[in-house]
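Spelled out from the first residue to the last, the chains are:
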Amino acid sequence: MKTKAAILREAGKDFEVTELDLDPPKAGEVLIRYVAAGLCHSDEHLRHGDIVPRFPMVGGHEGAGIIEEVGAGVTRLAPGDHVVCSFVPVCGHCRWCSTGKSNLCDLGATVLDGCLPDGTYRFHQDGVDLGGMCMLGTFSERAVISEHSAIKVDDDLPLDKVVLVGCGVPTGFGSAVHAAATEPGDTIAIYGIGGVGINSVQGAALAGARHVVAIDPLANKREMAQRLGATHTCATAEEAQDLIAQLTCGVGADKAIVTVDVVTADVVTHAFNAIRKGGTVVVTSLADPTKVTIQLSGALLTLFEKRIQGSLFGSGDPFHDIPRMIELYRSGHLKLDELITQTYSLEQINQGYRDLLDGKNIRGVIRYDS
Ligand SMILES: NC(=O)c1ccc[n+]([C@@H]2O[C@H](COP(=O)([O-])OP(=O)(O)OC[C@H]3O[C@@H](n4cnc5c(N)ncnc54)[C@H](O)[C@@H]3O)[C@@H](O)[C@H]2O)c1
Ligand SMILES: [Zn+2]
Ligand SMILES: [Zn+2]
């Protein structure tokens, strides 16, 4: 079958919307018709060239849609099922999956190749294979994905809203709740309030933090942070450092979470200096993997017993956390509708990423019906 998709052919070039051939699902795979796809900064890393995938690649790793066909052996999903995709596949039985760390599943090894778990590709154009970002390729009307990437959700949920629960929400929320282990009474500093960071704000507030300090140079981001649980906002890390010192009588924040667009040694150093003895800096943001983006005094790390903790998918378990986030959305504890500041058609994808870079959106979303 044919599908229209937004693809990247090389680093530094815009997305190209083009028609691809799509194979039917093989064993353990499903054909999905995407209803919506979120515009996360991680795809912008590929477009920009910070992170280099196998090209050409179908972009998009935040997606929700409806299953249209299932391959041999798929019993957990059926045509007509509504699903949210997890940007990390979960096999359920590798060392990491079987020890409660399924966000680190071994199937994640090829997410930047975008092939299916059997090592082959379902998207093609003129004899060339294309992978899908994170094994998903949500910037396509349809895709064939592994059953390990799809979590069934209730039919009545608005897929164009719960799509955010495929990446930005569990990543940000879990960075605060799992990786930072926010406790009631904590002071939490969050650097960067985009589609990920705003959910760290929500997570920290729900976990009972007394002070949630949201740091972002952009006023619209700080306003949204305040609406969704931040107790204080700052435009700069320096301002935050002074404020945190005041709020904690000079002790420092319990935890700091780095969710800026591109992680730098500078922002990690600010976060490290803002935390107390025994505190934790959670690094969720990505950057060019060949660059050194953490440069700290080892002596201070030792003497103050500070911790630096990386976090992938909010350090949670996708098959547990995605349904959990949806329950919190239903009960009104977690806001999703408010996070979607603009919707786009697939053809408008480059405008969507320009808006992301211009800081206009909390999260932009492609809707395939628009
Ligand atoms: N670890 C994971 O599992 C995971 C998952 C998804 C995204 N990410 C990464 O998380 C990062 C954030 O993604 P996003 O989609 O929220 O990006 P975004 O572009 O929507 O938001 C980034 C925000 O950071 C702000 N910012 C930039 N420099 C800053 C600074 N020095 N101090 C404070 N704020 C600053 C920007 O104004 C913007 O509001 C990206 O690097 C992305 O690749 C990681
Ligand atoms: Zn993402
Ligand atoms: Zn696994």
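Attention here is on the structure that accompanies the text. (Residues numbered from 1 in each chain as written. Chains lettered and ligands numbered in written order. Predicted model: local features only at pLDDT ≥ 70, side-chain atom pairs only at ≥ 80, totals over all residues. Heavy atoms only, no water.)

## Points about the sheet that holds strand β14 (residues 253-258)
The strand order across the open sheet built from six strands is β13-β12-β11-β14-β15-β16, with neighbouring strands paired in parallel fashion. One side of each edge strand has no neighbouring strand; the edge strands of this open sheet are β13 (232-234) and β16 (307-310). Across this sheet, the average inter-strand angle for adjacent strands is 20 degrees, counted without regard to direction. Two strands pair when backbone bridges link them, and strand β15 (residues 275-283) and β16 are joined in this way by four bridges, in the parallel orientation. Bridge pairing in β16 links Val 282 to Gln 309. Docked against the sheet, helix α4 (residues 197-206) engages β11 (187-191), β12 (211-215) and β14, running at close to 170 degrees with respect to β11. (Pairing = 2+ DSSP bridges. Helix = DSSP H or I, 4+ residues; strand = E, 2+ residues; numbered from the N terminus. Axes fitted to C-alpha atoms, helices over the stretch in contact; angles between N-to-C directions. Contact = heavy atoms within 4.5 Å.)

## A word on the pairing of strand β9 (residues 142-146)
With four of five residues buried, β9 is to be regarded as a mostly interior element. By the bridge criterion, five bridges tie strand β3 (residues 29-38) to β9 in an arrangement that is antiparallel. Looking at β9, one finds that Ile 32 is bridged to Ala 143. (Buried < 20%, exposed > 50% of the residue type's maximum accessible area, 1.4 Å probe, protein only.)

## Here we look at the pattern of salt bridges
Per the counting criterion, the structure on display carries 21 salt bridges. Residues Asp 81 and Lys 152 are paired through a salt bridge, measuring 3.6 Å at the closest nitrogen-oxygen approach. Of the two residues, Asp 81 is situated in the loop between β5 (63-70) and β6 (82-85) and Lys 152 in strand β10 (residues 150-153); the sequence distance between them amounts to 71 residues. Residue class for Lys 152 comes out partly exposed when judged on its relative accessible area of 44%. The salt bridge partner of Arg 330 is Asp 156, with a shortest N-O separation of 2.8 Å. With Arg 330 in helix α9 (residues 318-330) and Asp 156 in the loop between β10 and α2 (159-162), this pair connects stretches of sequence that are 174 residues apart. (Salt bridge = Lys/Arg side-chain N within 4 Å of Asp/Glu carboxyl O.)

## Description of the coordination of the zinc ion (ligand 3)
For the zinc ion (ligand 3), the protein coordination sphere consists of Cys 91 (SG), Cys 94 (SG), Cys 97 (SG) and Cys 105 (SG), at 2.3 to 2.4 Å. For the zinc ion (ligand 3), the four donor atoms in the first shell make angles of 104 to 116 degrees at the metal, so the coordination geometry reads as tetrahedral. Along the chain, the residues donating to the zinc ion (ligand 3) fall in the pattern C-x2-C-x2-C-x7-C. Per residue, the accessibility class of Cys 94 equals that of Cys 97, and both read buried. (Donors = N, O, S within 2.8 Å, 3.2 Å for Na, K, Ca; no water. Tetrahedral: all angles 85-135°; square planar, octahedral: opposite > 155°, others 65-115°.)

## Some remarks on the side chain of Ser 42
If you trace the backbone, Ser 42 turns up in helix α1 (residues 41-48). The exposure class assigned to Ser 42 is buried, which follows from its relative accessible area of 17%.

## Quick notes on α9
Taking 1.5 Å of rise per residue, 13 residues should cover 18 Å, and α9 covers 18 Å from first to last C-alpha, within 8% of that figure. Buried within α9 we find Pro 318, Asp 321, Ile 322, Met 325, Ile 326, Leu 328 and Tyr 329. Seen from one end, α9 has its buried residues packed into an arc of 160 degrees, which puts them on one side. For α9, the secondary structure elements touched by its buried residues are β6, β10, α2, α3 (168-179) and α4. Looking one or two residues past α9, Gly 332 carries a phi angle of roughly 85 degrees, positive in sign. (Expected span 1.5 Å × (residues − 1). Arc of directions from axis to C-beta.)

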